[in-house]
Amino acid sequence: MSRKKENEQLFDVVGVGNAIVDVIVEVEDAFIEKQHLVKGSMNLVTAERSAELYAEMPAGTEMPGGSAANTMVGVAQLGGSAAYIGKISEDRLGQVFREGMSKAEVSFSFGIDEDLPTARCLIQVTPDAQRTMNTFLGVSAYLSSEDVDQELVASSELLYCEGYLWDTDDSKEAIRKAMKISKSSNRKVALALSDTFCVERHREDWLELLKEFVDYIFCNEKEICALYMTEDLGEAIEKVSKNADVAFITLGSRGSLVVEDSRRIEIEAVPVKGVVDSTGAGDIFASGVIFGMSRKLPFKKCAEMGSLMASEVITSLGPRIEKDPKKLVEHLL
């Protein structure tokens, strides 16, 4: 095992997450049915199932992915300084991940383990823009506390942790270590709830994290309601306002909410002519918010920036914005 960190400097944000290579393909509904997949779902699969599905898929686009990695790339696209901590293997997809992050100008501190392959997420996008994801986590889930670069975390204004990573004892230790370093360095900590199933698996742990470490929460309506075991968004908002400094809650076509103390700020959705692929919309929303915070903008403007970014990313295939994001948000700066 070895570790490497590129470019020592002060970063706006460092993300910690599952280092996954996304393989994105466009398919018809018939493919989903033939493979017995549940449209729109995210499934964890074995190495064997991943290989089987990959062989049946048409050729697609391969790029670094994983929730926090997508967010860090979005921040870098906007002109922010972003770093990322994850775990890969010395295999072809590991090389794809490294080269992709370098091209995106995201500094990458990585742990390497040759016993397991690099993670991959096979994403099938149907004509209705729904994405069905089948993820083999490989070595990414075994990020350990040894892989967390103390200097990198301490020199980053914000630590952004993805909830998807909270599934093994190794990764829990890594996240806790990163959060402790960040807080002891007088930095801020953000947690993305990631998925309702993640919330249900880790609710008690995460409520403790909120009390001890977390300043900002990123989530959607279903995730925040799942965290507080309620179907009433108002009740969830009231509770989260007591647990975190600020919550950024996406509401799909209804826009988003910023919850700051007892204040509730509504952000209108940006109209979109045609949705092609919703992959990474929440991740890219977070990148806009984080970039705005790094420029000391009011939280309302940060969320507006996130909404603009999210509305643009869903008009093309994959979790990357094809236009220049800087021009997209320049009127907010």
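Summary of the structure given here. (Residues numbered from 1 in each chain as written. Predicted model: local features only at pLDDT ≥ 70, side-chain atom pairs only at ≥ 80, totals over all residues. Heavy atoms only, no water.)

**Description of helix α10 (residues 281-294)**
Taking 1.5 Å per residue as the helical rise, α10 with its 14 residues ought to reach 20 Å, and the 20 Å between its terminal C-alpha atoms agrees with that figure. Extensive coverage of α10 is indicated by the burial of 12 of its 14 residues. Burial in α10 covers these residues: Ala281, Asp283, Ile284, Phe285, Ala286, Ser287, Gly288, Val289, Ile290, Phe291, Gly292 and Met293. (Helix = DSSP H or I, 4+ residues; strand = E, 2+ residues; numbered from the N terminus. Expected span 1.5 Å × (residues − 1). Buried < 20%, exposed > 50% of the residue type's maximum accessible area, 1.4 Å probe, protein only.)

**A closer look at the pattern of salt bridges**
One pass over the full model with this rule turns up 19 salt bridges. Here Glu304 ties to Lys300 by a salt bridge, and the two come within 2.6 Å at their closest N and O atoms. With Glu304 and Lys300 both in helix α11 (residues 299-313), this residue pair falls 4 residues apart, about one helical turn. With a relative accessible area of 23%, Glu304 lands in the partly exposed category. A relative accessible area of 38% places Lys300 in the partly exposed class. Between Glu312 and Lys323 there is a salt bridge, with the nearest N and O atoms lying 3.9 Å from each other. Taken together, the residues span a long stretch of sequence, with Glu312 in helix α11 and Lys323 in the loop between α11 and α12 (325-329) at a distance of 11 residues. What you see here is one network of salt bridges that share partners, running through Asp29, Lys39 and Asp128. (Salt bridge = Lys/Arg side-chain N within 4 Å of Asp/Glu carboxyl O.)

**Quick notes on the sheet that holds strand β9 (residues 131-136)**
Spatially, 5 strands are ordered β4-β9-β8-β3-β5 in an open sheet, and the strand pairing comes out mixed. Taken across any chain shown, the strands that pair with only one partner, and hence form the sheet edges, are β4 (42-44) and β5 (61-65). The mean angle between the axes of side-by-side strands here comes to 20 degrees, regardless of whether they run parallel or antiparallel. Relative to strand β8 (residues 119-125), strand β3 (residues 20-26) runs parallel, the two being bridged by 7 bridges. (Pairing = 2+ DSSP bridges. Axes fitted to C-alpha atoms, helices over the stretch in contact; angles between N-to-C directions.)

**Regarding the packing of α10 against α11**
The contact between α10 and α11 brings their axes to 7 Å, and the two run at 145 degrees. The crossing of α10 and α11 is right-handed. Note on element contacts: α11 touches α10 through Phe299, Cys302, Ala303, Met305, Gly306, Ser307, Met309, Ala310 and Val313, opposite Ala281, Ile284, Phe285, Ser287, Gly288, Val289, Phe291, Gly292 and Met293. (Left-handed = near helix turned anticlockwise from the far one by under 90°. Contact = heavy atoms within 4.5 Å.)

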